[in-house]
Amino acid sequence: MTTKNDLLKTVFFDLHLKKGAKMVPFSGYELPINYEMGIKDEHLYCRSKVGLFDVSHMGQAELVAESYDDAARAIEAIVPGDVLKLQPERMRYSCLLNKNGGIEDDLMITHRVKADGSHVVGLVVNAARKQHDYRYIQSHLPENIDLKIDEERALLALQGPDAEKVIAIWCGEAVGIPYMSEIETTFFDVPCRVSRCGYTGEDGFEISVPNDQALRVAEMLLSHDDVKLIGLGARDSLRLEAGFCLYGHDIDETTSPVEADLSWVINKRRRKAGGFSGAERILTELEDGPAKRRVGLLPSGTAAPAREGALLFAEDGSQIGVVTSGGFGPTIGGPLAMGYVLSAYASLGTKIDVEVRGKKYPWHVTEMPFTPYRTYNAKQPTQH
Amino acid sequence: MSKTYYSNSHEYVRVEDGVATVGITSFAQSQLGDIVFVEIPETGTALNKGDEAAVVESVKAASELYAPLSGELTAANDALVANPALANEDPEGEGWFFKLSIKDEGDLAELMDQSQYEAFVKESE
């Protein structure tokens, strides 16, 4: 059992308390589940103005080699995306794969151009998985590639329709950068990295900043009347409405990207050439279809919210799957869920019964995201 | 004259003319956060003290309302089912869950009065 004393704190811990946060254990850290506004209003606030999230618990690391290409080739052995051809300052969502094609973690991969002009592969991984990931990546690296873990940086996410307007005040260079790109810049006078990405389905930025300057950056942002801190509770309902996976719930070591409806992370060149961990299973599933598939689910009438673990049934009463994430979506104003069903039941509109406390409620398979995707220059709802 | 009693699982019972009105306390709703769904048994259901009597779903999680005393359910608050946020906005008023005909007045003696409950909440905070 983990006691409070074992939990790590981010550099923003005192700020959370000062702002009235309710703190909870999460991935080995003590983090805010919500502030005084509460989950529902924080969620709605982020969709209408701009929210600030402490995501410093996530793991930041770099692969450093003689050349970018060397580092890219090394990571391509365990991810199915095109890292080699990733343009400078561009980033991509991907999955770290095991030899069975299961997902060890989902992560962000960046073709980073450092302040000194060198090019490296930047990684951001999930908090709960970072020690595991670092060991896993390390064990697959050739000797000439270094995995540099950066514990000296905090990470802030600024998310919402007004995010660009707000960041412009202190960081003009961030204005107009493309979705899924990253720049080395300064926030007022603080050297930092700013990327345009997020986990809410809204426009937004992530700011990676040295720990010793992080509080200043957060306080500058919070000096703006429209910026409010948002906790993990709303982060979860926002990502659920956006249809994004939560590692350990919607994806794990046993699920493949094809099953998880993340086939788009498998790049065209790499589909042809293979040569990544788990390629055998993944290429077969792409060809023949997977046995089960992740789908979005909405109630067809009044229904109790379906939580993780709720069982899914076909009209004939046979069990066909399970909910992996579910709850209440403040923006859609009702229950929503995602889960896995046998592929025969994965097409849009399929009627599915969801069992909650022994009672079956009628639901149906629906498209994700549940709320319109409003990222900058949004084209595909499937980017992360 | 009505009198209000409290359970250690944060239900209140307001007793008026032999009828008990049951709901969750203001403290309970503040701990649960935004309530988005409630499920209340049908009229006529016999409840025993300590039974899981209703379901309260907040944005965070599902939890139960336990029957603070035994009796037969004589009315469910349909307005609450239609608008679960009433349990946040006015928990001890419009946000009541159900009414019970009291089976055993003795059950009430095992509940707390307002000042005892306030002390209990202070302790658990």
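Residues numbered from 1 in each chain as written. Chains lettered and ligands numbered in written order. Predicted model: local features only at pLDDT ≥ 70, side-chain atom pairs only at ≥ 80, totals over all residues. Heavy atoms only, no water.

1. Thoughts on the overall build of chain A
Our working rule: Segments assigned H or I by DSSP are reported as helices when at least four residues long, segments assigned E as strands when at least two residues long, and all are numbered from the N terminus. To sort residues, take the accessible area from a 1.4 Å probe on protein chains only and compare it with the maximum for the residue type: under 20% means buried, over 50% means exposed, and anything in between is partly exposed. What makes two residues a contact is simply this: any of their non-hydrogen atoms within 4.5 Å. Every accessible area reported is derived by Shrake-Rupley at a probe size of 1.4 Å, with residue values counting cover from the shown protein chains alone. Positive: Lys, Arg. Negative: Asp, Glu. His and the chain ends are not part of the count. Just so you know, the charge point we use is NZ for Lys, CZ for Arg, CG for Asp and CD for Glu.
Of regular secondary structure, chain A possesses 9 helices and 19 strands. Expressed along its principal axes, the backbone C-alpha trace of chain A runs to roughly 65 × 50 × 45 Å. When the 384 residues of chain A are sorted by exposure, 59% land in the buried category. The long-range share in chain A, meaning contacts at least 24 apart out of those at least 6 apart in sequence, stands at 65%. In the form shown here, chain A has an accessible surface area of approximately 15,700 Å², with 50% of it arising from carbon and sulfur atoms. Here chain A contributes 43 positively and 54 negatively charged side chains, and the mean placements of these two sets differ by 3 Å.

2. Observations regarding helix α6 (residues 211-222) of chain A
Cut-off, in case you're wondering: Expected helix span is given by 1.5 Å per residue-to-residue step, counting one fewer step than there are residues.
Between the first and last C-alpha of α6 of chain A there are 17 Å, a value that for 12 residues agrees with the 16 Å anticipated at 1.5 Å per step. Burial in α6 of chain A covers these residues: Ala214, Val217, Ala218, Met220, Leu221 and Leu222 of chain A.

3. Quick look at the interface of chain A and chain B
Applied cut-off: Two parts placed together each lose some accessible area; with a 1.4 Å probe, that loss summed over both constitutes the buried area. By definition, a salt bridge exists where a carboxyl oxygen of Asp or Glu is found within 4 Å of a side-chain nitrogen of Lys or Arg. N or O atoms within 3.5 Å of each other form a polar contact, as long as, within protein, one can give a hydrogen and the other can take it, and as long as residues adjacent in sequence are counted only when both atoms are side-chain atoms. Throughout, the ten residues Ala, Val, Leu, Ile, Met, Phe, Trp, Tyr, Cys and Pro are labelled nonpolar, Asp, Glu, Lys and Arg are labelled charged, and all others, Gly among them, are labelled polar.
At the interface, 13 residues of chain A touch 12 residues of chain B. Across the chain A/chain B interface, buried area totals approximately 1,100 Å², and carbon plus sulfur atoms make up 54% of it. Applying the counting rule to chain A against chain B returns 3 salt bridges. Residue Glu57 of chain B pairs with Arg357 of chain A through a salt bridge whose shortest N-O separation is 2.9 Å. On the surface where chain A and chain B come into contact, there are 7 residue pairs in polar contact (both at pLDDT 80 or more). By residue number, the principal contributor to the side of chain A that touches chain B is helix α2 (residues 39-48) of chain A, which donates 3 residues. A class-by-class count of the residues in the side of chain A that touches chain B yields 6 nonpolar, 2 polar and 5 charged.

4. Considering the pattern of salt bridges
Where charged atoms of side chains with opposite charge meet at close range, the side chains can pair. Residues and elements named next belong to chain A. Counted under the stated rule, the structure contains 29 salt bridges over all chains. Here Glu241 ties to Arg47 by a salt bridge, and the two come within 3.0 Å at their closest N and O atoms. Taken together, the positions of Glu241 in helix α7 (residues 232-241) and Arg47 in helix α2 put the pair 194 residues apart, joining distant regions of the chain. By relative accessible area, Arg47 is classed as buried at 8%. Ionic pairing is found between Glu62 and Arg193, a salt bridge with its closest N-O pair at 3.6 Å. With Glu62 in strand β4 (residues 59-64) and Arg193 in strand β11 (residues 190-195), the pair connects residues that are 131 residues apart, well separated along the chain. Like Glu62, the residue Arg193 is buried in the burial classification.

5. Quick look at the nonpolar core
Residue and element names in this part refer to chain A. Defined as follows: As used in this record, nonpolar core signifies buried Ala, Val, Leu, Ile, Met, Phe, Trp, Tyr and Cys residues forming a set joined through side-chain atoms within 4.5 Å.
Formed by 61 residues in total, the largest nonpolar core has its most connected members in Ile251, Leu262, Leu297, Leu312, Val323, Val354 and Trp363. Counting residues per element, this core draws most heavily on strand β5 (residues 91-97), which supplies 4 residues. Those residues in contact with Leu297, other than ones at most four positions away along the chain, are Leu312, Val323, Leu336, Ala337, Ile352, Trp363, His364, Val365, Thr366 and Phe370. With 34 residues, the next largest nonpolar core counts Ala163, Ile177, Val194 and Leu221 among its residues.

6. Concerning the sheet that holds strand β6 (residues 103-113) of chain A
Residue and element names in this part refer to chain A. Counted only if it meets this: Two strands qualify as a pair provided that DSSP identifies no fewer than 2 bridges between them. For every element, the axis is a line fit to its C-alpha atoms; helices are fit only across the contacting stretch, and the angle between N-to-C directions ranges from 0 to 180 degrees.
Reading across from one edge, β5-β6-β7-β4-β8 is the order of the 5 strands in this open sheet, with antiparallel pairing throughout. Two strands close off the open sheet at either side, each with one partner strand: β5 and β8 (146-149). Ignoring which end each strand starts from, the neighbouring axes of this sheet average 30° apart. Where β4 and strand β7 (residues 119-125) come together, 5 bridges link them in antiparallel fashion.

7. Describing the sheet that holds strand β9 (residues 153-159) of chain A
Residue and element names in this part refer to chain A. Strand order in the open sheet formed by 6 strands is β10-β11-β12-β9-β3-β13, and the pairing between neighbours is mixed. Of all strands in the sheet, those with a lone pairing partner are β10 (182-187) and β13 (227-229), marking the two edges. Strand-to-strand twist in this sheet, taken as the mean axis angle between neighbours without regard to direction, amounts to 30°. As defined by bridge partners, β11 adjoins strand β12 (residues 204-210) across 3 bridges and the pair is classed as antiparallel. What sits directly across from Ser195, in β12, is Glu206.

8. A short note on the environment of Tyr340 of chain A
By the secondary structure assignment, Tyr340 of chain A is in strand β17 (residues 334-342). Residues Tyr340 of chain A and Arg293 of chain A, spaced 47 residues apart in sequence, show a C-alpha to C-alpha distance of 5.2 Å.

9. Thoughts on helix α4 (residues 130-139) of chain A
Residues and elements named next belong to chain A. Put simply, the test is: By construction, the arc corresponds to the directions joining the helix axis to the C-beta atoms.
The set of residues buried in α4 consists of Lys130, Asp133, Tyr134, Tyr136 and Ile137. Projected onto a plane normal to the axis of α4, the buried residues spread over an arc of 165° and lie on a single side. Relative to its buried face, α4 has exposed residues pointing more than 90 degrees away, namely Arg135 and Ser139.

10. Focus: the packing of aromatic side chains
As a reminder of what qualifies: Pairing of aromatic rings covers Phe, Tyr and Trp, the last counted by its six-membered ring, and requires centre-to-centre distances within 6.5 Å; plane angles under 30 degrees mean stacked, over 60 mean edge-to-face, and any other angle means tilted. Each ring is checked for a lysine NZ or an arginine CZ that lies within 6 Å of its centre and within 35 degrees of its normal; such an atom marks a charge sitting over the ring.
Applying the stated criterion across every chain, the model contains 6 aromatic pairs over all chains. Site record: aromatic cluster; members linked through ring pairs are Tyr199, Phe244 and Tyr373 of chain A. Against the face of Tyr340 of chain A rests Lys292 of chain A, its NZ or CZ located 4.9 Å from the ring centre. We note Lys99 of chain B situated over the ring of Trp96 of chain B; from NZ or CZ to the ring centre the distance is 4.5 Å.

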